[in-house]
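Chain by chain, the residues run as shown.
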Amino acid sequence: GAVVSQHPSWVICKSGTSVKIECRSLDFQATTMFWYRQFPKQSLMLMATSNEGSKATYEQGVEKDKFLINHASLTLSTLTVTSAHPEDSSFYICSASRRYGYTFGSGTRLTVV
Amino acid sequence: GNSVTQMEGPVTLSEEAFLTINCTYTATGYPSLFWYVQYPGEGLQLLLKATKADDKGSNKGFEATYRKETTSFHLEKGSVQVSDSAVYFCAGSNTGKLIFGQGTTLQVKP
């Protein structure tokens with residue numbers, strides 16, 4: 001079946017540094033990937049939609065300069081949290097769109113200290 | 001705009017009890033509907049889906065029927081197990097974007 005590999009699964013970084021999260025579709029081509037953020041005991045909030053070879057579309061209220069998304073190939077999308085602060089600590093999940101549904105990565109737990 | 005509403009949790013049941021988690025949607029047209037399950041510290045796994053009215057999705061003993069007349073997609077299981085303890089998300093899509101409900105935590109006690 002279709003697999004989306006997300007790395008790292010967890011990361012701790014210092015305030016002010018940047019962190020890159022990768023999502024790879026392993027056995028299919030993902031023209032569209034979605035990035036979500038999930039706070040503890042809450043639902044998934046869509047942050048942005050990335051399409052291969054074009055700029056990402058951000059949801060209202062999401063800072064595009066803080067959350068940089070790159071979808072350079074049909075199998076790789078990255079989310080970079082720039083100048084991270086403790087309030088950026090969260091669980092980030094990517095999802096690849098396929099013809100008959102969506103496949104999710106396993107998530108990245110980001111802790112900014 | 002489109003939205004998905006789930007019953008609030010947590011839901012606590014004894015093993016072998018009957019489970020219902022309500023989900024209703026608001027959307028233009030007829031969205032595809034999904035149930036996802038999330039185990040602690042993990043991503044989401046697709047549990048079942050339905051793409052048109054009267055479709056029934058089923059998997060691992062879970063079922064949900066797409067009811068156009070009530071705009072609902074309630075999740076049911078006849079006999080829950082401790083291993084079913086997780087967070088369940090109802091979601092819908094008719095624009096390419098998945099819209100999630102709030103999530104319902106299910107705890108099954110032995």
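These numbers come from a predicted model, not from an experiment.

Thresholds applied
- Every residue gets a number counted from 1 within its own chain, in the order that chain's sequence is written.
- Chains and ligands are labelled by the order in which they are written, letters from A for the one and numbers from 1 for the other.
- Restriction of local features to residues with pLDDT of at least 70 applies here, the model being predicted, together with a cutoff of 80 or more for giving and counting side-chain atom pairs; totals for whole chains, interfaces and linings are based on all residues.
- Hydrogens are left out, water is left out, and the side-chain values use all remaining heavy atoms of the structure.
- Residue contacts are defined here by distance: any two heavy atoms, one from each residue, within 4.5 Å place the two residues in contact.
- Note on definitions: buried area is the accessible-area loss of two parts on being combined, 1.4 Å probe, summed for both.
- Here a salt bridge means any side-chain nitrogen of Lys or Arg lying within 4 Å of a carboxyl oxygen belonging to Asp or Glu.
- As used in this structure description, the phrase polar contact means that two N or O atoms lie within 3.5 Å; if the pair is within protein, one of them must be able to donate a hydrogen and the other to accept it, and residues adjacent in sequence are counted only when both atoms belong to side chains.
- In DSSP terms, a helix is any run of H or I states spanning at least four residues, a strand is any run of E spanning at least two, and both are numbered starting from the N terminus.
- Within the patch definition used here, like charges are joined within 9 Å and nonpolar side chains (Val, Leu, Ile, Met, Phe, Trp, Tyr) within 5 Å, considering only residues with over 30% relative accessible area and no salt bridge.
- Note on areas: Shrake-Rupley, 1.4 Å probe, and residue coverage restricted to the protein chains presented here.
- Whether two aromatic rings pair depends on their centres lying within 6.5 Å, for rings of Phe, Tyr and Trp, where Trp uses its six-membered ring; planes under 30 degrees apart make the pair stacked, over 60 edge-to-face, and the rest tilted.

> Even after reading the chapter, I still don't get the interface of chain B and chain A, so can you show me in this structure?
By convention, interface size is frequently given as the accessible area that disappears when the constituent parts associate. Each partner contributes to the interface: chain B provides 16 residues, whereas chain A provides 17 residues. Buried area between chain B and chain A, both sides added, is near 1,200 Å², and the carbon and sulfur share of it is 55%. Linking chain B to chain A there are 1 salt bridge. Among the salt bridges present, the one from Lys97(B) reaches Glu59(A), with a minimum N-O distance of 2.8 Å. Between the two partners, chain B and chain A, sit 6 residue pairs in polar contact (both at pLDDT 80 or more). Of all the secondary-structure elements, those providing two or more residues to the side of chain B that touches chain A are β5 (32-38), β6 (44-50) and β10 (86-93) of chain B. At 3 residues, β5(B) tops the list of elements feeding residues into the side of chain B that touches chain A.

> For this particular structure, what's the right way to read a nonpolar patch on the surface?
Taken together, the side chains of Trp10(A), Ile12(A) and Val113(A) present a nonpolar region at the surface, about 370 Å² in accessible area. Locating Ile12(A) in the fold gives a position in strand β2 (residues 10-13).

> What's the story with the packing of aromatic side chains in this structure? I'm lost.
The description of an aromatic ring pair uses the distance of the two centres, along with the angle that the planes make with each other. Counted according to the given criterion, the structure contains 13 aromatic pairs over all chains. Between Tyr102(A) and Phe34(B), the aromatic rings sit 5.7 Å apart at their centres with planes inclined by 75°, giving edge-to-face as the arrangement. Here Tyr102(A) is found in strand β10 (residues 101-104), whereas its partner Phe34(B) is found in strand β5 on a different chain. When the centroid spacing of 5.0 Å and the interplanar angle of 75° are considered together, the rings of Phe104(A) and Tyr36(B) count as edge-to-face.

> Whenever I open this one, unusual backbone geometry confuses me. Can you help?
Generally, phi is negative for residues other than glycine and the peptide bonds are trans, each holding for most cases. In this structure, Pro8(A) follows His7(A) across a cis peptide bond, with omega equal to -5°. Mapped onto the secondary structure, Pro8(A) falls in the loop between β1 (4-7) and β2. Located in the positive-phi region is Thr71(B), a residue other than glycine, with phi close to 45°. Within the secondary structure, Thr71(B) sits in the loop between β8 (62-65) and β9 (75-77).

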